[in-house]
Amino acid sequence: NAGVTQTPKFQVLKTGQSMTLQCAQDMNHEYMSWYRQDPGMGLRLIHYSVGAGITDQGEVPNGYNVSRSTTEDFPLRLLSAAPSQTSVYFCASRAGSQPQHFGDGTRLSIL
Amino acid sequence: AQSVTQLGSHVSVSEGALVLLRCNYSSSVPPYLFWYVQYPNQGLQLLLKYTSAATLVKGINGFEAEFKKSETSFHLTKPSAHMSDAAEYFCAVRGFGGSQGNLIFGKGTKLSVKP
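Residues numbered from 1 in each chain as written. Chains lettered and ligands numbered in written order. Predicted model: local features only at pLDDT ≥ 70, side-chain atom pairs only at ≥ 80, totals over all residues. Heavy atoms only, no water.

J.: So what exactly am I meant to see when it comes to the interface of chain A and chain B here?
T.: The figure often quoted for interface size is the accessible area lost as the parts come together. Facing 21 residues of chain A, the contacting portion of chain B comprises 21 residues. When chain A packs against chain B, close to 1600 Å² is buried across both sides, 50% of that on carbon and sulfur atoms. The three residues of chain A that bury the most area against chain B are A:Leu43, A:Pro99 and A:Phe102, which together make up 27% of that side's buried surface. Counting across the interface, chain A meets chain B through 0 salt bridges. Across the contact surface, chain A and chain B share 5 residue pairs in polar contact (both at pLDDT 80 or more). Taken together, the elements giving at least two residues each to the side of chain A that touches chain B come down to strand 4 (31–38), strand 5 (42–51) and strand 9 (87–94) of chain A. Ranked by residue count, the leading element in the side of chain A that touches chain B is strand 5 of chain A, at 5 residues. Here the side of chain A that touches chain B is built from residues that sort into 10 nonpolar, 8 polar and 3 charged. (Contact = heavy atoms within 4.5 Å. Buried area = accessible area lost by both parts, 1.4 Å probe. Salt bridge = Lys/Arg side-chain N within 4 Å of Asp/Glu carboxyl O. Polar contact = N/O pair within 3.5 Å; in protein donor to acceptor, adjacent residues only side chain to side chain. Helix = DSSP H or I, 4+ residues; strand = E, 2+ residues; numbered from the N terminus. Nonpolar A, V, L, I, M, F, W, Y, C, P; charged D, E, K, R; others polar.)

The structure is reproduced here in structure tokens:
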């Protein structure tokens with residue numbers, strides 16, 4: 001019963017590097033989304049998807065790319081990492097109007 | 001547009017005391033409201049949800065919340081705090097329209113429980 005799985009759990013990058021945060025869910029959920037969590041800011045929506053092949057921007061999309069080629073996977077790409085992208089990243093999924101299920105997060109530091 | 005305000009970034013209570021975490025929302029349509037809990041270095045876990053049925057909603061771990069439309073509030077309570085309740089709590093409202101039902105979160109309230 002895996003739910004939402006995020007990898008890696010921790011990552012340190014240098015400014016300018018690129019990387020992909022992985023997110024996979026095994027519940028056949030249509031909706032998937034990426035949030036970032038910063039101290040005192042709560043969670044802010046980066047990008048979301050309502051199904052395979054369909055993505056859209058959230059509140060803070062700049063510097064991030066997503067794609068949704070399958071129902072299960074929703075990777076988040078940092079194109080050129082910046083220190084302002086140091087954060088904890090959460091992936092979530094849901095079915096219809098049901099509550100979202102969250103992964104355990106990826107803690108990303110950019111030096 | 002929907003929004004959520006959590007009053008108090010930090011709340012401290014003694015073990016056995018009442019827990020009250022405040023949440024006010026803004027929504028132009030009947031809201032779907034949620035409380036999530038986050039323990040240190042973990043993801044978010046759903047405590048309870050309001051979806052326009054009963055106004056008093058019971059959740060896990062002895063928590064409950066009351067939806068008050070006249071006050072646009074959805075405060076979280078627990079009669080008697082336990083040390084294991086120490087965590088960060090987030091109130092959220094479901095967005096409508098262009099946000100496709102994604103959650104809009106408050107900034108969180110960190111609960112400390114003193115022995």
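J.: Looking at this model, I keep getting lost on the pairing of strand 6 (residues 54–57) of chain A. Mind explaining?
T.: Regular strands place their side chains on alternate faces of the sheet. Direction of pairing for strand 5 of chain A relative to strand 6 of chain A: antiparallel, over a ladder of 4 bridges. What sits directly across from A:Gly51, in strand 6 of chain A, is A:Ile54. (Pairing = 2+ DSSP bridges.)

J.: Would you mind showing me how to read the sheet that holds strand 3 (residues 19–25) of chain A here?
T.: For sheets, the rule is that strands pair by backbone hydrogen bonds, running either parallel or antiparallel. Residues and elements named next belong to chain A. Strand order in the open sheet formed by 4 strands is 1-3-8-7, with antiparallel pairing between adjacent strands. Strands at the two margins of the open sheet, each flanked by one partner only, are strand 1 (4–7) and strand 7 (64–66). Neighbour-to-neighbour, the strand axes of this sheet turn through a mean angle of 20°, independent of strand direction. Note: strand 1 against strand 3, 4 bridges, orientation antiparallel. When the sheet's bridge partners are listed, threonine 7 is paired in strand 3 with glutamine 22. (Axes fitted to C-alpha atoms, helices over the stretch in contact; angles between N-to-C directions.)

J.: Could you clarify how one ought to interpret the layout of surface pockets in this entry?
T.: A probe as big as a water molecule, rolled over the atoms, marks out the empty space that is left. Estimates place the volume of the largest pocket at around 430 Å³. Lining the largest pocket are 23 residues, and of these A:Gln37, A:Pro39, B:Gln38, B:Glu88 and B:Lys110 sit closest to its centre. A class-by-class count of the residues in the lining of the largest pocket yields 7 nonpolar, 11 polar and 5 charged. Among the secondary structure elements, those contributing two or more residues to the lining of the second largest pocket are strand 5 of chain A together with strand 10 (103–105) of chain B. Here the lining of the second largest pocket takes 4 residues from strand 5 of chain A, the largest share from any one element. (1 Å grid on protein atoms, 1.4 Å probe; cavity = no way out; pocket = protein on both sides within 12 Å on 5 of 7 lines; lining within 4 Å. Points joined across faces, edges and corners; volume = space filled by probe spheres on them.)

J.: What am I meant to see in the nonpolar core here?
T.: Considering soluble globular proteins, one finds that nonpolar side chains tend to be buried as a cluster. Residues and elements named next belong to chain B. Core analysis: the biggest nonpolar cluster contains 26 residues, and Trp35, Leu47, Leu48, Phe74, Leu76 and Tyr89 have the highest contact counts within it. Those elements that provide at least two residues to this core are strand 3 (19–26), strand 4 (33–38), strand 5 (44–50), strand 7 (64–68), strand 8 (73–78), strand 9 (87–94) and strand 11 (109–114). Ignoring sequence-local partners within four residues, the contact set of leucine 76 consists of Val19, Leu20, Leu21, Trp35, Leu47, Leu48, Phe63, Glu64, Ala65 and Tyr89. (Core = buried A, V, L, I, M, F, W, Y, C linked by side-chain atoms within 4.5 Å. Buried < 20%, exposed > 50% of the residue type's maximum accessible area, 1.4 Å probe, protein only.)

J.: Can you walk me through the state of the cysteines in this structure?
T.: The term disulfide refers to a covalent linkage connecting the sulfur atoms of a pair of cysteines. Evaluation of the coordinates by the stated rule reveals 2 disulfides over all chains. Here A:Cys23 engages in a disulfide with A:Cys91; their sulfurs sit 1.9 Å apart. Disulfide A:Cys23-A:Cys91: torsion about the S-S bond near -75°, hence left-handed. Residue A:Cys23 is located in strand 3, and its partner A:Cys91 is located in strand 9; the two are separated by 68 residues in the primary sequence. Residue A:Cys23 is classed as buried on the basis of its relative accessible area, which comes to 1%. Two residues, B:Cys23 and B:Cys91, share a disulfide whose sulfurs are 2.0 Å apart. The sign of the S-S torsion, about -65°, decides the handedness of the disulfide formed by B:Cys23 and B:Cys91: left-handed. One end of the pair, B:Cys23, is in strand 3; the other, B:Cys91, is in strand 9, with 68 residues separating them in the sequence. Exposure class is identical for B:Cys23 and B:Cys91. Each is buried. (Disulfide = S-S within 2.5 Å.)

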